[in-house]
Amino acid sequence: LMALPLKGIRVLELAGLAPAPFCGMVLADFGADVIRIDRVYPEGQTRPFTESIPDPLSRGKRSIALNLKTEEGIKAMMQLIKKADVLIDPFRPGVLEKLGFRPKLMLQSNPRIVIARLTGFGQSGPLSSKAGHDINYLAIAGVLGLLGPSGAPPVFPMNLLADFAGGGLACALGIVLALFERSRSNKGQVIDAAMIDGVAYLSTFVTSRVKLWKTGPRGTNWIDGGAPFYNTYYTADGKCIALGAIEPQFYNAALKGLGFNKEERKELMSIQNDTTTWPGTKARFAELFKTKTRDEWLKEFEKHDACATPVLSSSEMTTFAHNASRKTFVRPGIPAPAPRLLRTPADHSGAIIRTCSQHTVEVLMEAGYSSEQIEHLGRKGAIERHAVAAKSKL
């Protein structure tokens, strides 16, 4: 077997929610040794719901729980930092410093470490210390205002764009770029990975070429739901078809699939870009799509290259023929890593973390701690004692 692309890279991921764990999972899928640093809770205290269930984003990672409010916990963390290539910081600006881990200090201890600081609003600016979520970052980046129907408030696409695309994935790219640069300079650096920056960068095409596709209010333009040829439609069984027939050849094919004759197609093709006709054409299409089930329409569109596809539910996406043939999902609901490196592909077989701190002893021993020193950390409350006890029984 070929070595994975990031084999030999050790990543410390301070436990957080959504974007940072996704970033760590991407690195782990491609071979990095990712160690999640969890919090220590007193014996008998139940972990919060968000920390107590197995997290699918912990795939291929290990977990160590450290109490960073103790002197021994801080020393253990610094020992891990000395041997790490990457640290993922999911906290608001200043939190890492309050814990005693100033980036300057870490770089003095390990000049090659890459410190990725993943936040919503970034490390600087008037909003940098404020709380926020995906919807807020989309709003400030100017992206949310582009999404949704006319005459209604903007519609947000769950938390996919800022948290995961502009946040976790952009941060993973930044880490790989910094590691590549380090191969020449032999120096680490700090990454300011702000979700607001990432999602703004992601929208470069639509915001820089807005005059190309936007001539009216939101929801009345080419690619925002205004055009009849770029839209979704209900079918007779309550399911949906996605139609993306922008180019004339695809629009003509779509019209054929919908059953329009030659003269009707010629007329509709001639007014394709006339926005005043769009509402009427859209209503016409909507009525037509309701005359057959989704699968009946798919069978019809198999004859035409019309950019027409089913809108799949979460229960359908894994078994859909194309997805199944490519193994796009490794099992129901779990996508395969992307992109696919054909010579050194990612490995999605790593186990998820079942119990916080389950790898505490082995990680500390790799860092140079003896069994006696680990026992001492447990007595001082720097690590969870049950982790030490569980390991000692093996």
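This text follows the structure it describes.
Reading the values: the criteria
Residues numbered from 1 in each chain as written. Predicted model: local features only at pLDDT ≥ 70, side-chain atom pairs only at ≥ 80, totals over all residues. Heavy atoms only, no water. Helix = DSSP H or I, 4+ residues; strand = E, 2+ residues; numbered from the N terminus. Buried < 20%, exposed > 50% of the residue type's maximum accessible area, 1.4 Å probe, protein only. Contact = heavy atoms within 4.5 Å. Areas by Shrake-Rupley, 256 points an atom, 1.4 Å probe, with all protein chains shown as cover. Lys, Arg positive; Asp, Glu negative; His and termini not counted. Charge placed at Lys NZ, Arg CZ, Asp CG, Glu CD. Polar contact = N/O pair within 3.5 Å; in protein donor to acceptor, adjacent residues only side chain to side chain. Axes fitted to C-alpha atoms, helices over the stretch in contact; angles between N-to-C directions. Parallel < 35°, antiparallel > 145°, perpendicular 65-115°, else oblique. Left-handed = near helix turned anticlockwise from the far one by under 90°. Nonpolar A, V, L, I, M, F, W, Y, C, P; charged D, E, K, R; others polar. Pairing = 2+ DSSP bridges. Salt bridge = Lys/Arg side-chain N within 4 Å of Asp/Glu carboxyl O. Core = buried A, V, L, I, M, F, W, Y, C linked by side-chain atoms within 4.5 Å.

Student: I would appreciate a short explanation of the overall build of the chain in the present structure.
Tutor: Looking only at helices and strands, the chain has 18 helices and eleven strands in total. Projecting the C-alpha coordinates of the chain onto the three principal axes gives extents of approximately 85 × 45 × 45 Å. A total of 394 residues make up the chain; the buried ones form 42% of that total. By sequence separation, contacts in the chain at least 24 residues apart represent 68% of the contacts at least 6 residues apart. Roughly 21000 Å² of accessible area belongs to the chain as shown, and the carbon and sulfur atoms make up 58% of that amount. Charge separation in the chain, taken as the distance between the mean sites of 49 positive and 37 negative side-chain charges, equals 4 Å.

Student: How should I be thinking about the environment of Asp274 in this particular structure?
Tutor: Note that Asp274 resides in the loop between α12 (262-270) and α13 (278-289). Considered as a pair, Asp274 and Val26 are 248 residues apart in the sequence and their alpha carbons are 44 Å apart. A distance of 2.6 Å separates the side chain of Asp274 from the side chain of Thr276, its partner in a polar contact.

Student: I tried to follow the packing of helix α1 (residues 19-29) against helix α7 (residues 160-185) on my own but got confused; where do I start?
Tutor: Each pair of packed helices gets described by two things: the angle between the helix axes and the distance between those axes. Contact pair α1 / α7: the axes reach a minimum separation of 8 Å and the direction vectors enclose 45 degrees. Taken together, the axes of α1 and α7 are oblique relative to one another. The element α1 and its partner α7 pack so that their crossing is right-handed. Note on element contacts: α7 touches α1 through Asp163, Phe164, Gly168, Leu169, Cys171, Ala172, Ile175 and Val176, opposite Pro19, Phe22, Cys23, Val26 and Leu27. Grouping the constituent residues of the contact of α1 with α7 by class yields eleven nonpolar, one polar and one charged.

Student: What is the right way to read helix α11 (residues 248-257) from this model?
Tutor: Helical geometry: 3.6 residues make up each α-helical turn, so side chains three or four residues apart lie on a common side. If you check which residues of α11 are buried, you get Tyr251, Ala253, Ala254, Leu255 and Gly257. Just downstream of α11 lies Gly259, where phi reads positive at about 95 degrees.

Student: Mind showing me how you'd approach the pairing of strand β7 (residues 230-234) here?
Tutor: Here is the key point about a regular strand: its side chains alternate between the two faces of the sheet. The alternating pattern of β7 places Asn231 and Tyr233 on a buried face, while none of Tyr230, Thr232 and Tyr234, on the opposite face, is buried. Of the pairings in the sheet, the one linking β7 to strand β8 (residues 240-244) comprises five bridges and is antiparallel in character. When the sheet's bridge partners are listed, Thr232 is paired in β8 with Ala242. The antiparallel pairing of β7 with β8 creates a hairpin that spans five residues between the two strands, and Gly238 there sits at a positive phi of about 80 degrees.

Student: Teacher, can you tell me more about the pattern of salt bridges here?
Tutor: Should their charged atoms come close, side chains of opposite charge can pair. Scanning the entire structure with this criterion turns up 17 salt bridges. Across the pair Arg62 and Asp33 runs a salt bridge whose closest N-O atoms are separated by 2.9 Å. A residue pair is termed long-range when its members are at least 10 positions apart, and Arg62 in strand β3 (residues 62-66) and Asp33 in strand β2 (residues 33-39) qualify at 29 residues. Taking relative accessible area as the criterion, Asp33 reaches 24% and is therefore assigned partly exposed.

Student: For this particular structure, what's the right way to read the nonpolar core?
Tutor: Generally speaking, a soluble globular protein has its nonpolar side chains buried in company with each other. Counting 38 residues, the largest nonpolar core has Val11, Leu27, Val86, Ile88 and Ile175 as its most contacted members. Elements with a minimum of two residues in this core: α1, β4 (86-89), β5 (114-119), α6 (134-140), α7, β6 (189-194) and α8 (195-202). Not counting the four nearest positions on each side in its chain, Val11 is found in contact with Leu27, Ala32, Asp33, Val34, Ile35, Val86 and Ile88. By size, the runner-up hydrophobic cluster in this structure holds 28 residues, among which are Leu87, Ile113, Val361 and Leu377.

Student: In this structure, what is going on with the sheet that holds strand β1 (residues 10-14)? I would like to understand it.
Tutor: Pairing between sheet strands relies on hydrogen bonds along the backbone, with the strands arranged either parallel or antiparallel. The parallel open sheet is built from six strands, whose spatial order is β3-β2-β1-β4-β5-β6. With partners counted over all chains shown, the strands left at the sheet margins are β3 and β6, one partner each. Mean inter-strand twist for the sheet, computed between neighbouring axes without regard to direction, equals 20 degrees.

Student: How should the sheet that holds β7 be read in this particular structure?
Tutor: Read from one edge of the open sheet, three strands run β7-β8-β9, paired in antiparallel fashion. Where the open sheet ends on each side, the last strands, each with one partner, are β7 and β9 (308-310). Going from strand to strand, the sheet's axes swing by 25 degrees on average, the running direction of each strand aside. Relative to β9, β8 runs antiparallel, the two being bridged by three bridges. Its bridge partner being in β9, Leu243 is matched across the sheet by Ala308.

Student: Can you walk me through the side chain of Asn231 in this structure?
Tutor: Among the secondary structure elements, Asn231 is positioned in strand β7. At a separation of 3.2 Å, a polar atom in the side chain of Asn231 contacts the main-chain carbonyl oxygen of Ala227. Once residues lying within four places of it in the same chain are set aside, the contact partners of Asn231 are Gly225, Gly226, Ile241, Ala242, Leu243 and Lys282.

Student: What is the right way to read the side chain of Arg59 from this model?
Tutor: Structurally, Arg59 can be placed in the loop between α2 (49-52) and β3. Setting aside chain neighbours within four positions, we find Arg59 in contact with Met25, Ala28, Asp29, Ile334, Pro335, Pro337, His348, Gly350, Ala351 and Ile352.

Student: Help me understand α1 in this model?
Tutor: In terms of residue burial, α1 counts as a mostly covered element, since eleven of its eleven residues are buried. Those residues of α1 lying buried are Pro19, Ala20, Pro21, Phe22, Cys23, Gly24, Met25, Val26, Leu27, Ala28 and Asp29. Those residues of α1 that are buried are in contact with β1, β2, β4, β5, α7 and α8.

Function cannot be read off these values alone, since they describe shape.
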